[in-house]
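Notes for the structure review
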Amino acid sequence: MEKDHQCLALEGELTTTVWIAVNGCFRMRNPTVPMRYLGNVVMWAWPRSKVKDLLSKRVAHAARLIHDAVARVDDDYFSSFIDFSSSKEKMEGLVPSACGGDVVLNPDLEVSSWLRPLL
């Protein structure tokens, strides 16, 4: 990650984000996702940090930020999203946030994995 930020010559005060796909199949408890379900149940974790902190602190700092952000995407988080998205009034006017059109020279990283987390 350090090399990515050095290549982009990012300023230390700039905040960078890692987008991490979180599999809800193993996190949702009420209701649970049936084992036979073959679709995706994915939300995003968004750990953020100042570039200067990522470059000056130990890797454990970045690992803790990632761990904590992923841990927050729990059953309550998924339930809250389901409640929100079930309201047609709340959904009107929303636009996709994961559009790839404006990400050139973006200081953020995106991580997707099909591995089952150990968290």
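Okay, so let's go over this structure. (Residues numbered from 1 in each chain as written. Predicted model: local features only at pLDDT ≥ 70, side-chain atom pairs only at ≥ 80, totals over all residues. Heavy atoms only, no water.)

Looking at unusual backbone geometry
Condition: Counting from the N terminus, the helices are the DSSP runs of H or I reaching at least four residues and the strands are the DSSP runs of E reaching at least two.
Cis geometry is found at the peptide bond from N30 to P31, where omega equals 5°. Relative to the assigned elements, P31 resides in the loop between β1 (15–23) and β2 (42–45).

Some points on the pairing of β1
Rules: By this definition, two strands are paired if DSSP reports at least two bridges between them.
Sheet topology places β1 next to strand β3 (residues 48–50); 3 bridges connect them, and they run antiparallel. Paired with T17 across the strands is R48, a residue of β3. Inspection of the sheet shows β1 paired to β2 by 4 bridges, in the antiparallel sense. Across the sheet, residue V22 finds its bridge partner in β2, namely M43.

A look at helix α4 (residues 75–85)
Put simply, the test is: Each residue is placed in one exposure class: buried if its accessible area under a 1.4 Å probe, protein chains only, is under 20% of its type's maximum, exposed if it is over 50%, and partly exposed if it falls in between. Note that the arc is computed from the directions linking the helix axis to the C-beta atoms. N or O atoms within 3.5 Å of each other form a polar contact, as long as, within protein, one can give a hydrogen and the other can take it, and as long as residues adjacent in sequence are counted only when both atoms are side-chain atoms.
For α4, the complete set of buried residues consists of D75, F78 and S79. Along the long axis of α4, the arc covered by the buried residues comes to 100°, so they all point the same way. For α4, the capping residue at the N-terminal end is D74, with a side-chain oxygen 3.2 Å from the backbone nitrogen of D76.

A few points about the nonpolar core
For the record, the criterion: Residue types Ala, Val, Leu, Ile, Met, Phe, Trp, Tyr and Cys, when buried and joined through side-chain atoms within 4.5 Å, form a set referred to as a nonpolar core.
V18, I20, V22, M28, V33, V41, M43, A45, A69, V70, V73 and F78 together form the largest nonpolar core, which totals 12 residues. Every element with two or more residues in this core is listed here: β1, β2 and α3 (59–72).

Here we look at the pattern of salt bridges
Put simply, the rule reads: Whenever a carboxyl oxygen of Asp or Glu lies within 4 Å of a side-chain nitrogen of Lys or Arg, that contact is scored as a salt bridge.
Under the criterion given, the structure shown has 3 salt bridges. Here K50 and E13 are joined by a salt bridge, their closest N and O atoms 4.0 Å apart. Of this pair, K50 sits in strand β3 while E13 sits in the loop between α1 (2–8) and β1, placing them 37 residues apart in sequence. The exposure class of K50 is partly exposed, given its relative accessible area of 30%. Take E13: its relative accessible area is 49%, and that puts it in the partly exposed class. Each of E13, K50 and K52 takes part in one network of salt bridges that share partners.

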